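The residues making up each chain are set out below.
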Amino acid sequence: MRPTGRLHIGHLFGALHNWLKLQKEHESYFFVADWHALTTDYANTANIKENSLQMVMDWLAAGIDPQKSVLFIQSHVPEHAELHVLLSMITPLSWLERVPTYKEQQEALSNRDLSTYGFLGYPLLQSADILIYKTNFVPVGGDQLPHIEFTREVTRRFNFMYREVFPVPEPQLTQAPKLPGTDGRKMSKSYDNCIYLSDSPETISAKVRTMFTDPARLRRHDPGHPDICPAFSWHKLFTAQAVYEDIHTRCMSAGIGCTDCKKILIDNMIKALAPIYEKRIAWENKRQEVEDILRQGSISAKCIAQATLGEVRDAMGLIV
Ligand code: SF4
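Residues numbered from 1 in each chain as written. Predicted model: local features only at pLDDT ≥ 70, side-chain atom pairs only at ≥ 80, totals over all residues. Heavy atoms only, no water.

### Considering the overall build of the protein
Broken down by element type, the protein carries 14 helices and four strands. By principal-axis analysis of the C-alpha atoms, the protein measures approximately 75 × 40 × 35 Å. Each of the 320 residues in the protein was classed as buried or not, and the buried ones make up 48%. Sequence separation of 24 or more characterises 76% of the internal contacts of the protein that already satisfy a separation of 6 or more. About 16,100 Å² of surface is accessible on the protein, with carbon and sulfur atoms providing 54% of the total. Placing the 35 positive and 37 negative side-chain charges of the protein at their respective mean positions leaves the two points 3 Å apart. (Helix = DSSP H or I, 4+ residues; strand = E, 2+ residues; numbered from the N terminus. Buried < 20%, exposed > 50% of the residue type's maximum accessible area, 1.4 Å probe, protein only. Contact = heavy atoms within 4.5 Å. Areas by Shrake-Rupley, 256 points an atom, 1.4 Å probe, with all protein chains shown as cover. Lys, Arg positive; Asp, Glu negative; His and termini not counted. Charge placed at Lys NZ, Arg CZ, Asp CG, Glu CD.)

### Considering the site of the ligand
Around the ligand, the neighbouring residues are Thr213, Asp214, Arg217, Cys229, Ala231, Phe232, Cys251, Cys258 and Cys261. Going through the elements one at a time, helix 11 (230–238) and helix 13 (258–284) are the ones with two or more residues in the shell around the ligand. In terms of residue class, the shell around the ligand is made up of six nonpolar, one polar and two charged. (Near = heavy atom within 4 Å. Nonpolar A, V, L, I, M, F, W, Y, C, P; charged D, E, K, R; others polar.)

### A few points about the pairing of strand 4 (residues 170–173)
By the bridge criterion, four bridges tie strand 3 (residues 137–140) to strand 4 in an arrangement that is parallel. Bridge pairing in strand 4 links Pro139 to Gln172. (Pairing = 2+ DSSP bridges.)

### Points about the nonpolar core
With 48 residues, the main nonpolar core has Ile9, Trp59, Val208, Trp234, Met269 and Leu273 as its most contacted residues. No other element matches the eight residues that helix 3 (residues 48–62) contributes to this core. Summarising the domain contributions, this core has at least three residues from each of domain 1 (9–179 + 287–315) and domain 2 (199–281). Within the second largest apolar cluster, 33 residues are counted, among which are Val99, Tyr102, Leu131 and Phe150. (Core = buried A, V, L, I, M, F, W, Y, C linked by side-chain atoms within 4.5 Å. Domains from an automatic or database assignment.)

### Side note on the pairing of strand 2 (residues 69–73)
Among the five residues of strand 2, five are classified as buried, and the element is accordingly described as predominantly covered. Here strand 2 shows two buried faces, one formed by Ser69, Leu71 and Ile73 and the other by Val70 and Phe72. One ladder, built from five bridges, connects strand 1 (residues 28–32) with strand 2; its direction is parallel. Bridge assignment links Phe30 to a residue of strand 2, and that residue is Leu71.

### Structural notes on the domain arrangement of the protein
Its domain assignment divides the protein into domain 1 (9–179 + 287–315) and domain 2 (199–281). Computed from C-alpha coordinates alone, the two centres of domain 1 and domain 2 are separated by 35 Å. Opposite the 10 residues of domain 1 that make contact, domain 2 presents eight residues. Carbon and sulfur atoms supply 73% of the area that domain 1 and domain 2 bury against each other, a total of about 860 Å² over both sides. A per-residue breakdown of the area domain 1 buries against domain 2 is headed by Ile9, Phe13 and Ala61, which together make up 52% of the total. There are one salt bridge connecting domain 1 and domain 2. Of the charged contacts in the structure, one is a salt bridge between Asp58 and Arg280, with a shortest N-O distance of 2.4 Å. Taken together, the connections running from domain 1 to domain 2 amount to two residue pairs in polar contact (both at pLDDT 80 or more). Put simply, the parts of the chain that give the side of domain 1 that touches domain 2 at least two residues each are helix 1 (9–25) and helix 3. (Buried area = accessible area lost by both parts, 1.4 Å probe. Salt bridge = Lys/Arg side-chain N within 4 Å of Asp/Glu carboxyl O. Polar contact = N/O pair within 3.5 Å; in protein donor to acceptor, adjacent residues only side chain to side chain.)

### Section: the packing of aromatic side chains
Within the structure shown, the criterion is met by 11 aromatic pairs. Both rings, one in Phe13 and one in Phe238, keep their centres 5.3 Å apart while their planes meet at 85 degrees; by these two values the pair is edge-to-face. Of this pair, Phe13 sits in helix 1 while Phe238 sits in helix 11, and the two are 225 residues apart along the sequence. You'll find Phe13 and Phe238 in the same group, each marked buried. Within the aromatic cluster, the residues linked to one another by ring pairs are Tyr29, Phe31, Phe72 and Tyr133. The side chain of Arg6 reaches across the aromatic face of Tyr196, ending 4.3 Å from its centre. A cation over an aromatic ring shows up here: Arg185 above the ring of Tyr191, its NZ or CZ 4.0 Å from the ring centre. (Phe/Tyr/Trp six-rings, centres within 6.5 Å; stacked < 30°, edge-to-face > 60°. Lys NZ or Arg CZ within 6 Å of the ring centre and 35° of its normal.)

### As for the side chain of Asn193
Its place among the elements puts Asn193 in the loop between strand 4 and helix 10 (201–209). Among the residues examined, Asn193 registers a relative accessible area of 1% and is labelled buried. Polar contacts involving the side chain of Asn193 include one to the side chain of Asp183, which spans 2.8 Å. A polar side-chain atom of Asn193 sits 3.1 Å from the main-chain carbonyl oxygen of Lys186. Sequence-distant contacts of Asn193, defined by excluding residues within four places in its chain, comprise Gly181, Thr182, Asp183, Arg185, Lys186, Met187 and Ser188.

### Here's the deal with the packing of helix 11 against helix 12 (residues 241–252)
Here helix 11 crosses helix 12 at 160 degrees, and the two axes come no closer than 8 Å. When the axes of helix 11 and helix 12 are compared, the pair comes out roughly antiparallel. Helix 11 and helix 12 meet at a crossing whose hand is left-handed. Contact residues: Phe232, His235 and Lys236 in helix 11; Tyr244, Ile247 and His248 in helix 12. Of the residues belonging to the contact of helix 11 with helix 12, the class tally is three nonpolar, two polar and one charged. (Axes fitted to C-alpha atoms, helices over the stretch in contact; angles between N-to-C directions. Parallel < 35°, antiparallel > 145°, perpendicular 65-115°, else oblique. Left-handed = near helix turned anticlockwise from the far one by under 90°.)

Right under this line is the structure:
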């Protein structure tokens, strides 16, 4: 995950819940992709360090367990970079140029100069991140599928040219629910419309009380349209199905008002998020321990990464 700083409930439902499942079932590696942050934010790196720590505190508070999974910082395992260089020797430039996110992101971030070597090559750095652990499954959202397909092509090419070193990785698609923010737009830090995992119960309550609802429901006795109401989308994540189905019916017949509906939502959100918030505060006070976990994780990651690189160097005819 790129070090975006504090995580919001979109990350919780879109990624972390899946990670929690994975860490129960598989040997898992979760890392802060700080080099990837540099591919777009190289001109302003002031927040990368703090964002990395804040994000890892959220992982830990949500239940990612360093006793079960390996947590580390990408740049602490420079073997990723060596594999990136070695793979770059066999990767046709045209494969990188046709990765859809290359053009899309250049257009979306037109205020930055992304015509750099690092930005063009970042999908291959991702391939190195994946292959260095001989990864079988990569948990990704749908937007990342072209990158996994690209990695699979690079893997087949390497295995064919030299010898079979890498398993061809499979995407493990994460069904990320589309989550609106407090203003009804996509939940995003840049819109300032998020509920963060580090928000206190009071903050959650204040944000929900003032959040958007059905814009057509101006008075209490107006029937509402829950399917276009952002508060109702959140009910689907935090409220038991029987209860939110009842709210749906009562909203449409004006049988429940937005204030009461939001009260139920606030209670359920606080019940679900307060334990994460409390653990988060505890981790905030143990920053040194968080850094130690990451350092320890990089040692474990390095062990595997070095063994893989030994095989890669040998397969490519280099002196090991
Ligand atoms: S009653 Fe609930 S679901 Fe209906 S419009 Fe108000 S907040 Fe939204």
